[in-house]
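# Examination of the molecular architecture
One letter stands for each residue in the lines below.
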Amino acid sequence: MTTSIVRATCPHDCPDTCALLVTVEDGVAVQVKGDPDHPTTAGVLCTKVSKYTERTYHKDRLLHPMKRVGRKGEGRFERITWDEAIDTIASRLGEIASGNPQAIVPYSYAGTMGFVQGESMAARFFHKLGASLLDRTICASAGGEGYKYTIGARIGTDVEQFQNAKLILIWGGNPIASNLHFWMRAQEAKRRGAKLIAIDPYRSLTAEKCHQHIALLPGTDAALALGMMHVLIAEDLLDCDYIEQHTLGFGQLKERAAEWTPERTAQTCGISVEEVVQLAREYGGAAKRGEPVAIRVNYGVQRVHGGGMAVRNIACLPALVGAWRHAAGGIQLSSSDSFPKNPQVLQRPDLLKEQPRTINMSTIGDDLLRESSQAFGPKIEALVVYNSNPVAVAPESAKVVQGFAREDLFTVVLEHFQTDTADYADILLPATTQLEHVDIHSTYGHLYMMANNAAIAPLGEAKPNTEVFRLLAARMGFDDPCFHESDDEIAAQAFKRDDVRAIHFDWDSLKRKGWQKLNAPDAPFAHGGFLTPSGKCEFYSAKMKAAGLDPLPAYIPPHESVASNPALAKKYPLAMISPPARNFLNSSFVNVQSLRDTEGEPHLDMHPSDADERGIGDGDAVRIYNDRGSFIAKARVTDKARRGLVVGLSIWWKKFAADGKNANEVTSQQLTDMGNAPTFYDVLVQVEKA
Ligand SMILES: Nc1nc2c(c(=O)[nH]1)N[C@H]1C(S)=C(S)[C@@H](COP(=O)(O)OP(=O)(O)OC[C@H]3O[C@@H](n4cnc5c(=O)[nH]c(N)nc54)[C@H](O)[C@@H]3O)O[C@H]1N2
Ligand SMILES: Nc1nc2c(c(=O)[nH]1)N[C@H]1C(S)=C(S)[C@@H](COP(=O)(O)OP(=O)(O)OC[C@H]3O[C@@H](n4cnc5c(=O)[nH]c(N)nc54)[C@H](O)[C@@H]3O)O[C@H]1N2
Ligand code: SF4
Ligand SMILES: [Mo]
């Protein structure tokens, strides 16, 4: 028997991007472990990826190309050859492109976060074809934009510093489920005497383990940040020297914050005055004592109408108290912009002959149902889906399904499994998993460049995404040399070596070592140097003004809440959120039996008073509905959900639910204030016994 250990990287959409060691025996991957030497992974994987071999060798893996033989959505397919598959796709796309290539839309997200199997060969192909561009907004664009207005780029506190903080605000995140290796650092900080405060409408697994939990109403974080500013200013819990040297617009901010008394803040957020005042005092007080205070703001705060502004406001706090002076102080939203990425080279936008229109992935439901028009451009005639499962994950699902079911739509899906989306494919192609292909990764939670070596040969006839687009490019006669690059050649260009942060990047050595840290300062803004137009932390943003936004921190109420839309709340009085379940990764892993068994079945957490009023008991089947649709779940009566809030942990595959539906039946396609992002946690519903 030959045994080897292969260095790999977790490909999933998770900030932790763990370093993996894959044990391979006679060509079979038998175990996936966390690399004990990689500082952030520290030898630990989450339960999901510990089961990676179960997912990879799953009996339902797609192993051959197939074409649809049943109705759309029915999921009946027949095996075909790769030749037939590529011919069919190339000829259909060619036909459509000869009319208007913009009628073709790629649809992809972060099923893998690798640069190679993500947007490299695929982007080149669609650029050359002249297809519509896709605005990839479904996750993080609102918060990303808000953060950039204040800080200039998605750069923040290094996760490896958090254990030295004395106070950590875990704001709109559930790291035990979704950012485990940050949580390990936060726990270490706790052991060293730090206080942890969770700010979350729901008593999540994480909130349960913090010293304090502030359960505000969803979508009101921007107000809480303003209320904190009010108290920090009123009680002089400020770092005046830092403000003077490294911030812009403090005078105007002061006036704005004056409007946000603790009383008004408490009323808006549905919490007590005491909670507002104490939070500001703890935060500003610790900073005044010279202690590092850190904020881990996560994506839970930005899936609401004012989500961009919420992140922008929260990102102002560290500069007010001078928290950036410490390596363990400041704030982390994402480390994405710490990496000198090279999209021009990987994706080749220069292959575009003219600028096509852009389709927002978050409104795919509406857009699939639109006719051609001057404003919209051509009706969508073809969709090529890879690294994503829109039928399960996109908002207002009834419309998404109606769109995917269109008989005149040509749909190609590249997948590991027959997902809810795959059921609607005309041509379904088997994709390799991370164990079967090469890739290179940046991350959004730490500062290491990461390599993924192929551990095993592709299963069945599965092919990497890159290979599919190479074959299509060849069949369509695209002859630019970039279509002949190998996966290794692409990976070798992923980071800019003329940038000091990646000057030591070398693909061959990264492949051998598995990971390598960027050159990055310990305390990124200790001496200012923000990446905003002014080079300061911008309390006042001229850029926001130019974009038609309030240039100062403000509060933008939810589209749907009791306070902001009382008429709607009469019919649908409960706010619903649907954050990630611990054992799934978005909709990935839902089909892994052992993980699904742990999650049980789709459930809805609701407060005992809300349940009582509706005659609902623990374990009852309930129907959750609004004007957009409905889905069924099992009620869990618990005070983890505050009154007026229901929580359906997600994202279930529809086909595993009794009614074939999931939480996205009731979510809306209304967008955020910035970044054109979806508002998954800005939803009013009613609940009744099913
Ligand atoms: N196990 C697991 N891990 C994951 C994922 C997964 O599906 N499962 N998904 C991955 C992906 S793609 C992402 S983007 C991240 C997301 O992970 P996070 O950034 O942690 O964000 P969410 O999971 O959306 O929400 C986290 C918390 O925010 C709370 N929340 C909801 N609305 C609000 C609000 O208005 N204000 C505040 N303060 N809190 C609110 C929720 O109750 C939840 O507990 O996790 C990644 N990691
Ligand atoms: N209600 C509700 N909806 C949500 C959210 C929520 O919190 N609540 N969260 C939103 C967020 S934050 C996000 S990021 C999106 C996530 O939405 P998606 O990015 O669509 O994520 P997944 O559902 O995990 O689907 C990824 C798919 O890619 C496939 N895949 C993985 N690797 C490869 C590969 O190498 N090649 C190919 N061809 N396929 C591959 C996987 O098998 C999987 O089916 O969902 C959003 N939707
Ligand atoms: S999903 Fe996240 S925590 Fe789990 S192995 Fe992957 S990167 Fe690590
Ligand atoms: Mo996400």
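Cut-off values and rules
- Residues numbered from 1 in each chain as written.
- Chains lettered and ligands numbered in written order.
- Predicted model: local features only at pLDDT ≥ 70, side-chain atom pairs only at ≥ 80, totals over all residues.
- Heavy atoms only, no water.
- UniProt positions renumbered as here; feature names shortened; annotations may be inferred.
- Pairing = 2+ DSSP bridges.
- Helix = DSSP H or I, 4+ residues; strand = E, 2+ residues; numbered from the N terminus.
- Axes fitted to C-alpha atoms, helices over the stretch in contact; angles between N-to-C directions.
- Contact = heavy atoms within 4.5 Å.
- Near = heavy atom within 4 Å.
- Polar contact = N/O pair within 3.5 Å; in protein donor to acceptor, adjacent residues only side chain to side chain.
- Nonpolar A, V, L, I, M, F, W, Y, C, P; charged D, E, K, R; others polar.
- Domains from an automatic or database assignment.
- pLDDT = per-residue confidence, 0-100.
- Buried area = accessible area lost by both parts, 1.4 Å probe.
- Salt bridge = Lys/Arg side-chain N within 4 Å of Asp/Glu carboxyl O.
- Buried < 20%, exposed > 50% of the residue type's maximum accessible area, 1.4 Å probe, protein only.

The name given to the chain in an unreviewed UniProt entry is Molybdopterin oxidoreductase, and the organism recorded there is Noviherbaspirillum denitrificans. Turning to the chain, the UniProt record has this under Cofactor (unreviewed entry): "Mo-bis(molybdopterin guanine dinucleotide)".

## Some thoughts on the sheet that holds strand β8 (residues 167–171)
In spatial order, the strands read β10-β9-β8-β12-β13; together these five strands make up an open sheet with parallel pairing. Strand pairing shows two members of the sheet lacking a second neighbour, β10 (212–214) and β13 (330–332), which therefore form its edges. Between one strand axis and the next, the sheet turns through 20° on average, direction left out of account. Direction of pairing for β8 relative to strand β9 (residues 195–199): parallel, over a ladder of five bridges. What sits directly across from Leu167, in β9, is Lys195. Strand contacts of helix α9 (residues 221–234): β8 and β9, with the helix running at about 155° to β8, the strand carrying the most contacts.

## What about the site of ligand 2?
Taken together, 30 residues sit near ligand 2, with Ser388, Glu415, Ser578, Ser587 and Ser588 positioned nearest. In this structure, Asn465 approaches ligand 2 through a side-chain N or O atom, which is 2.9 Å from a nitrogen atom. Between ligand 2 and Ser578, the relevant distance is 2.8 Å, taken from a nitrogen atom to a side-chain nitrogen or oxygen of the residue. Its residues placed into classes, the shell around ligand 2 shows eleven nonpolar, 15 polar and four charged. When residues of the shell around ligand 2 are assigned to domains, at least three map to each of domain 1 (66–138 + 343–505) and domain 3 (566–689).

## Side note on the confidence of the model for the chain
Scored by pLDDT, the chain comes out at a mean of 98, with 100% of its residues at no less than 70. Across the chain, the element-wise mean pLDDT spans from 94 in helix α24 (residues 593–599) up to 99 in strand β21 (residues 537–538).

## So, the sheet that holds strand β16 (residues 410–415)
With mixed pairing, six strands are arranged side by side in an open sheet as β5-β4-β17-β16-β15-β6. Where the open sheet ends on each side, the last strands, each with one partner, are β5 (77–79) and β6 (104–108). Direction aside, the axes of adjacent strands within the sheet are offset by 20° on average. The pairing of strand β15 (residues 382–386) with β16 spans five bridges and is parallel. In the strand pairing of β16, Tyr386 is matched with Leu414.

## A few points about the domain arrangement of the chain
Entries for the chain in the domain assignment read domain 1 (66–138 + 343–505), domain 2 (142–333 + 534–546) and domain 3 (566–689). Between domain 2 and domain 3, the C-alpha centre-to-centre distance is 28 Å. Taken residue by residue, the interface counts 27 residues in domain 2 and 23 residues in domain 3. Summed over both partners, the interface of domain 2 with domain 3 comes to about 2,000 Å²; 60% of that surface belongs to carbon and sulfur atoms. At the boundary of domain 2 with domain 3, the tally comes to one salt bridge.

## Regarding unusual backbone geometry
The phi angle of most residues is negative, glycine excepted, and most peptide bonds adopt the trans form. Backbone torsion omega between Ser650 and Ile651 reads 5°, so that peptide bond is classified as cis. Within the fold, Ile651 resides in the loop between β26 (645–647) and β27 (684–689). Non-glycine residue Glu396 carries a positive phi angle of around 50°. Within the secondary structure, Glu396 is located in the loop between α17 (390–393) and α18 (397–404). If you check the backbone angles, Phe589 has positive phi at about 80° while not being a glycine. Inspection of the secondary structure puts Phe589 in the loop between β22 (574–577) and α24. According to the relative accessible area criterion, Phe589 is buried, its value standing at 0%.

## Some remarks on the pattern of salt bridges
Going through the model one piece at a time under the given rule, you end up with 50 salt bridges. We note a salt bridge from Arg501 to Asp499, for which the minimum N-O separation is 2.9 Å. Residue class for Asp499 comes out buried when judged on its relative accessible area of 18%. Connected via shared salt-bridge partners are Arg68, Lys72, Glu407 and Asp426.

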